[in-house]
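What the coordinates show
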Amino acid sequence: MPDSIFVPSVCPHDCPSTCALEVERLAPGRIGKVRGAADNSYTDGVICAKVSRYAERVHHADRLTVPLQRVGGKGEGRWREIPFDAALDIVADQFARVAREHGPEAVWPYYYAGTMGHVQRDGIERLRHVMGYSGQKTTICTALADAGWLAGAGVKRGADPREMAKSDLIVVWGGNPVSTQVNVMTWIARARKERGAKLVVVDPYRTGTAERADLHLAPRPGTDGALACAVMHVLFAEGYADRDYMARHADAPDELERHLATRTPAWAAAITGLDEQAITDFARMYGATKRSFVRLGYGFSRSRNGSAQMHAVSCLPAVTGAWAHEGGGALYSNSAIYHLDKTLIEGLDRRDPKTRMLDMSRIGPVLVGEPDALGHGPQVHAMLIQNTNPATVAPESDKVLAGMMRDDLFVCVHEQFMTDTARLADIVLPATMMLEHDDLYTAGGQMHLQIGARQIDPPGQCRENHEVIRGLAKRLGAEHAGFDMTAWELVDATLKASGWPDAATLRDKRWHDCIAGTDSHFAKGFGTPDGRFHFKPDWSRVGANHADMPVLPDHFDVIEAATDEHPFRLIAPPARQFLNSSFTETPTSKVREGRPTALVHPRDCEDLGLVKDGLVRIGNRRGAVLVHVRPFDGLQPGVVVVEGIWPNDSFIEGRGINVLTGADPGPPHGGAVFHDTAVWLRAE
């Protein structure tokens, strides 16, 4: 092997970009530089700083490399090393015991998006379905946003993101791509340079993206629906609405116009805290620009009214007819363009719809035995956790920790680092990273199907997720064709079953553009049964808890509102150097982020006696956390921001920010409400 060679790969992390990478391989088990693939038409050679430093993760001294068995009390941190096969024997024996004593639904495999590769992420579902273990309702990230988008558009796709370069106005609503999806900024920069395009950002605080905007609107958290309605009021009232487009492509434009007659900018100003004239000016800017592209993020959907907010904002390009123009329309996610047949990966042919489903966002209430969270079924007594860190990232984390400390709960965690969740496990298994296994990747924020092939040897005894699942299946007597295949064979079979090029072809060409030939502007109809965009959606089609959803776009007032007891509204958005709880272990990311810090408006600081670098206790009925303070004028008074997600032990008292967030599900289909928390503040 040459001393140094760049090899192709794919970023596996929970980001819509799924960047095409080129990684410097220095030796069979060692990497150097990481860069974006310049010839990928979306990545365009640009990746985020945290992934460019990926060698810090792969070769980190604290990386797990051997299986561990707990020998002390839970959380004490006392372990002994054991052989990998012996560890799998223990896990299988415990799962079999629990199934005998309590039934198979007392076993709950739990996972999410620590890797976005379909084989390594979703193979745990095959074990679940074959064994009849409790199902997982995967709500923690996209459930609220999905429901809102699907209510109107009917299918999870939209405009080609590369078209932003041909836009005259780009609205980034509820996202911060400078921190979380840097490629979006590449296309925005191109539009600004080549077309003089304007950038508008709608976000409750002045993010890195907002700092670069021509206009930043900072509504109070949970009031985006009101802003969208007021914008549509102006569009109708001042002649910006494309009535011909709506007559051909939407369901109830006349009813919508009558409904919006009272949703004036003044009405919205009172709800959002924004200036009435600023709302009107934004509406006129949007209405006058046919090539207007709305890039919808997840942030404003992580609220109890998040689905209604997503739907309201997604109505804008249907009102103006922006969908009819290149560089116009909107994009939330393009996940539907890939149409993967995942029967082999997930064991969908063995799924029993009668099996209990448990909401992953409610893991705290589940583990402490709340009957409604358990579906009035048996308590969970055994778990396999892959690709996620619920002790840090899940709502009501005090309940998560209390549940995981139960003596009658057996937990196996398959991880790369000793996370907060791994510390509470009975067995910890060392996991591979992206360059150490084969996988198949799609992307919500772009359009390329990609293969990430194994390029280096894993350290120590690390095993890929797929091999752990196969090992457990063999010991448990689980039979399915997917258990008899390698990860590469699963990738190949899935591609062929889905009508895409086979694995070898895709590996050699590196990516396949899947948006070609799709109706990305819905010229042939939206994904609803009647082919029209639905201003008046049938919410029952997207979630069971739909009874109170607004009939037409509106401010859905079900948020955890500020009160005299809890006068502040807290949001907990991503930090630039972290990605959920990934990268919190890498030295450069930790140095650049510093420490958990509350951003508080200077007026509130003065009223409460808070000073820069001083301490503030933030609390509500769920608990309290202690953090440092930074006065910050880039938000409204009454709003508090704590960026993260930091490990719990990074906080002064060892209690992380999700102590404060609620685990009650947002309607109509559930979802975590990380940006919908009422709190009090007290100087310490």
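Residues numbered from 1 in each chain as written. Predicted model: local features only at pLDDT ≥ 70, side-chain atom pairs only at ≥ 80, totals over all residues. Heavy atoms only, no water.

We now examine the overall build of the protein chain. Counting its secondary structure elements, the protein chain contains 25 helices and 25 strands. Over its C-alpha trace the protein chain gives a radius of gyration of 24 Å, about what one expects of a compact globule, namely 26 Å for 684 residues. If one aligns the C-alpha atoms of the protein chain with their principal axes, the spans along those axes are about 70 × 60 × 55 Å. Across the 684 residues of the protein chain, 64% fall into the buried class. Nonlocal contacts in the protein chain, meaning residues at least 24 apart in sequence, comprise 75% of its contacts between residues at least 6 apart. Of the side chains in the protein chain, 75 bear a positive and 86 a negative charge, and the two mean positions are spaced by 2 Å. (Helix = DSSP H or I, 4+ residues; strand = E, 2+ residues; numbered from the N terminus. Rg over C-alpha atoms; globule rule 2.2 N^0.38 Å. Buried < 20%, exposed > 50% of the residue type's maximum accessible area, 1.4 Å probe, protein only. Contact = heavy atoms within 4.5 Å. Lys, Arg positive; Asp, Glu negative; His and termini not counted. Charge placed at Lys NZ, Arg CZ, Asp CG, Glu CD.)

This paragraph deals with the UniProt feature "domain: 4Fe-4S Mo/W bis-MGD-type" (unreviewed entry) in the protein chain. UniProt's feature table lists "domain: 4Fe-4S Mo/W bis-MGD-type" (unreviewed entry) at residues 4–62, given in the numbering used throughout. Annotated as residues 4–62, this span is 14% helix and 36% strand, and its ends, taken at the C-alpha atoms, are 25 Å apart. (UniProt positions renumbered as here; feature names shortened; annotations may be inferred.)

To continue, consider the nonpolar core. In this structure, Trp173, Leu296 and Phe535 are the most contacted members of the largest nonpolar core, which totals 91 residues. For this core, the leading source of residues is helix H10 (residues 224–237), giving 9 residues. Residues from two domains meet in this core; each of domain 2 (68–141 + 338–434 + 460–485) and domain 3 (158–332) gives at least three. With 33 residues, the next largest nonpolar core counts Ala113, Leu374, Val380 and Ala672 among its residues. (Core = buried A, V, L, I, M, F, W, Y, C linked by side-chain atoms within 4.5 Å. Domains from an automatic or database assignment.)

This brings us to unusual backbone geometry. Here Gly644 and Ile645 are connected by a cis peptide whose omega angle stands at 20°. Residue placement: Ile645 occurs in the loop between strand S24 (639–642) and strand S25 (677–683). At the junction of Pro667 and Pro668, the peptide bond is cis and its omega measures out at 5° in the coordinates. Counting through the fold element by element, Pro668 comes out in the loop between S24 and S25. Even without being a glycine, His339 presents a positive backbone phi close to 35°.

Here we take up the sheet that holds strand S2 (residues 20–27). Spatially, the 3 strands line up as an open sheet ordered S1-S2-S3, and their pairing is antiparallel. Looking at strand neighbours, the two that pair on one side only are strand S1 (5–10) and strand S3 (30–36), the edges of this open sheet. Neighbouring strand axes in the sheet, compared pairwise and without regard to direction, differ in orientation by 35° on average. Relative to S3, S2 runs antiparallel, the two being bridged by 5 bridges. Residue pairing for S3: Ala27 is matched across the bridge by Arg30. (Pairing = 2+ DSSP bridges. Axes fitted to C-alpha atoms, helices over the stretch in contact; angles between N-to-C directions.)

Here we come to helix H15 (residues 306–314). With 9 of 9 residues buried, H15 is to be regarded as a mostly interior element. Those residues of H15 that fall on the buried side of the exposure criterion are Gly306, Ser307, Ala308, Gln309, Met310, His311, Ala312, Val313 and Ser314. Looking at the packing, one finds that the buried side of H15 touches helix H6 (143–153), strand S8 (169–173), H10, strand S11 (292–296) and helix H16 (316–320).

What follows deals with the packing of aromatic side chains. This structure, assessed with the given rule, holds 15 aromatic pairs. For the ring pair Phe95 and Tyr133, a centre distance of 5.8 Å and an interplane angle of 85° mean the geometry is edge-to-face. Highlighted residues: Phe95 in helix H3 (residues 84–102) and Tyr133 in the loop between helix H5 (124–131) and strand S7 (135–137), separated in sequence by 38 residues. With respect to burial, Phe95 and Tyr133 carry one shared label: buried. Summarising the aromatic geometry, the rings of Trp323 and Phe526 are spaced 6.1 Å apart at their centres and angled 80° between planes, so their arrangement reads as edge-to-face. Taken as a pair, Trp323 in the loop between H16 and strand S12 (329–331) and Phe526 in the loop between strand S19 (511–513) and strand S20 (568–571) lie far apart in primary sequence, 203 residues in all. Given the relative accessible area of 2%, Trp323 is considered buried. Each residue in the set Trp149, Tyr298, Trp323, Tyr332, Phe522, Phe526, Phe533 and Phe535 is aromatic and connected to the rest through ring pairs, giving one cluster. The residue whose ring lies beneath Arg57 is Phe583, and the NZ or CZ to ring-centre distance is 5.3 Å. Between Arg263 and the ring centre of Trp267, over which it is positioned, the NZ or CZ distance is 5.6 Å. (Phe/Tyr/Trp six-rings, centres within 6.5 Å; stacked < 30°, edge-to-face > 60°. Lys NZ or Arg CZ within 6 Å of the ring centre and 35° of its normal.)

Among the secondary structure elements, Lys50 is positioned in helix H1 (residues 49–52). Buried within the structure, Lys50 lacks any salt-bridge partner; Glu593 is the closest side chain of opposite charge, at an N-O distance of 7.7 Å. Within the local environment of Lys50, its side chain forms a polar contact with the backbone oxygen of Ser179, the two atoms lying 3.1 Å apart. Once residues within four sequence positions are removed from consideration, Lys50 is found in contact with Ser179, Arg576, Gln577, Phe578, Leu579, Phe583 and Ser589. (Salt bridge = Lys/Arg side-chain N within 4 Å of Asp/Glu carboxyl O. Polar contact = N/O pair within 3.5 Å; in protein donor to acceptor, adjacent residues only side chain to side chain.)

What follows is about the packing of H6 against H15. It is the contact of H6 with H15, at a shortest axis distance of 7 Å, that shows an interaxial angle of 40°. Classed by the angle they form, the pair H6 and H15 counts as oblique. The crossing of H6 and H15 is right-handed. Counting all contacts with H6, which are made through Ala143, Leu144, Ala145, Ala147, Gly148, Trp149, Ala151 and Gly152, the residues of H15 involved are Gly306, Ser307, Met310, His311 and Ser314. Its residues assigned to classes, the contact of H6 with H15 comprises 7 nonpolar, 6 polar and no charged. (Parallel < 35°, antiparallel > 145°, perpendicular 65-115°, else oblique. Left-handed = near helix turned anticlockwise from the far one by under 90°. Nonpolar A, V, L, I, M, F, W, Y, C, P; charged D, E, K, R; others polar.)

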